[in-house]
Amino acid sequence: MEKYIALLRGINISGKNKISMKELKEELINLGFQSVFTYLNSGNVIFNSEIEDKNLLKSMIETMIRKKWNFDVPVFVMNQKELEDIFRNTPQWCRKDDKEIYDNIIFILPPVTLDEVYRELGCPNEYEKIEGHSNYIFWSYQLKNYRKSNWWHQTASTSIRQSLTIRTVNTMRKVLEICKQ
């Protein structure tokens with residue numbers, strides 16, 4: 001049995017794509033997932049499954065949401081070991097507890113690649129820093145200048161925006177803590 005994390009993209013934002021976390025949890029249990037836990041209202045789910053195929057898990061969750069709530073939600077699935085590896089690769093500049101800096105992780109939903117994201121979003125500017133790995137990018141920006149950052153606008157307006165889901169580093173740290181319980 002493996003522990004997984006599913007990140008649902010674009011739910012419960014400004015009253016759109018509303019999904020109750022309680023109902024989501026019930027539906028995931030109905031799919032046969034065990035020890036299901038949701039964190040925050042933004043679609044962070046931790047669960048155990050005997051299924052080892054992340055693409056199958058992703059497809060099962062997306063299909064269930066389409067049937068239950070009648071809209072499509074892209075889903076990113078990783079296992080606990082992959083999340084632990086992400087935190088082993090955290091850049092030094094992203095490990096600060098600086099209230100002036102907003103630290104994020106951009107998760108790239110396949111089939112989009114890291115190179116495609118870089119081409120689409122362009123270069124960061126002086127208000128932000130990035131460091132990419134296989135299917136995620138650490139992205140930090142100055143909070144007071146977030147509207148001036150290049151990627152802040154681009155992540156919301158490019159053609160690949162549906163293939164990106166963003167979480168704060170602190171949110172993902174908490175998700176990892178929950179995984180380890």
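Note that residues are indexed from 1 along each chain, following the sequence as it is written. Under the rules for a predicted model, residues below a pLDDT of 70 receive no local features and side-chain atom pairs below 80 are neither given nor counted, while totals for whole chains, interfaces and linings still include all residues. As a rule here, side-chain values cover all heavy atoms of the structure and leave hydrogens and water aside.

Let us look at unusual backbone geometry. Trans is the common state for peptide bonds, and a negative phi is the common state for residues other than glycine. Look at the link from Pro 110 to Pro 111: it is a cis peptide, with omega at 15°. Tracing the sequence through the fold places Pro 111 in the loop between strand S5 (101-108) and helix H4 (114-121). Even without being glycine, Ser 35 reaches a positive phi, approximately 50°. Only DSSP runs of H or I with at least four residues qualify as helices, and only runs of E with at least two residues qualify as strands; both kinds are numbered from the N terminus onward. With respect to the helices, strands and loops of the structure, Ser 35 is situated in strand S2 (residues 34-39). With phi around 65°, Leu 40 is a residue other than glycine that occupies positive phi space. Examined against the element boundaries, Leu 40 turns out to sit in the loop between S2 and strand S3 (44-49).

Note on method: axes are straight lines fitted to C-alpha atoms, helices fitted across the in-contact stretch only, with angles between N-to-C directions ranging 0 to 180 degrees. Orientation of helix H3 (residues 80-88) relative to helix H6 (residues 169-180), taken along the N-to-C sense of each, is 135°, at an axis distance of 10 Å. As the angle between them shows, H3 and H6 are arranged oblique. Crossing geometry of H3 relative to H6 is assigned as left-handed. Mapping the contact onto sequence places Gln 80, Leu 83, Glu 84 and Phe 87 in H3 and Val 169, Met 172, Arg 173, Val 175, Leu 176, Cys 179 and Lys 180 in H6. Each residue gets one of three labels, nonpolar for Ala, Val, Leu, Ile, Met, Phe, Trp, Tyr, Cys and Pro, charged for Asp, Glu, Lys and Arg, and polar for the others, Gly among them. The residue inventory of the contact of H3 with H6, partitioned by class, reads seven nonpolar, one polar and three charged. Any angle that is under 35 degrees is reported as roughly parallel, and any over 145 degrees as roughly antiparallel; angles of 65 to 115 degrees are reported as roughly perpendicular and all others as oblique. Each crossing is labelled by how the near helix is turned from the far one, with a counterclockwise turn of less than a right angle marking it left-handed and a clockwise turn marking it right-handed. Between two residues, a contact is recorded if the distance between any of their heavy atoms is within 4.5 Å.

To continue, consider the sheet that holds S2. A pair of strands is considered paired only if DSSP assigns at least 2 bridges between the two. The four strands lie next to each other as S2-S3-S1-S4, forming an open sheet whose pairing is antiparallel. In this open sheet, the two strands that pair with only one neighbour each are S2 and strand S4 (75-79). In this sheet, adjacent strand axes meet at a mean angle of 20° when their direction is disregarded. As defined by bridge partners, S2 adjoins S3 across four bridges and the pair is classed as antiparallel. From the neighbouring strand, Phe 37 faces S3, where its bridge partner is Ile 46.

The next point concerns H3. Regarding H3, the residues found buried are Gln 80, Leu 83, Ile 86 and Phe 87. Relative to the axis of H3, the buried residues are bounded by an arc of 115° and lie together on one face. Away from the buried face of H3 by more than 90 degrees, exposed residues Lys 81 and Arg 88 are located. Its side-chain oxygen 3.1 Å from the backbone nitrogen of Lys 81, Asn 79 forms the N-cap of H3. Per-residue accessibility, obtained with a 1.4 Å probe over protein chains only, is compared with the maximum for each type, and a residue is labelled buried under 20%, exposed over 50%, and partly exposed between these values. When we speak of the arc, we mean the arc of directions from the helix axis to the C-beta atoms. Here a polar contact is recorded for every N or O atom pair within 3.5 Å, except that within protein the pair must consist of a potential hydrogen donor and a potential acceptor, and residues adjacent in sequence are included only if both atoms are side-chain atoms.

Most of strand S1 (residues 2-8) is tucked away, with six of its seven residues classed as buried. The sheet contact formed by S1 and S3 spans six bridges and is antiparallel. Paired with Tyr 4 across the two strands is Phe 47, which belongs to S3. Sheet topology note: the S1/S4 ladder contains five bridges and is antiparallel. Note on S4: the bridge partner recorded for Ile 5 is Met 78.

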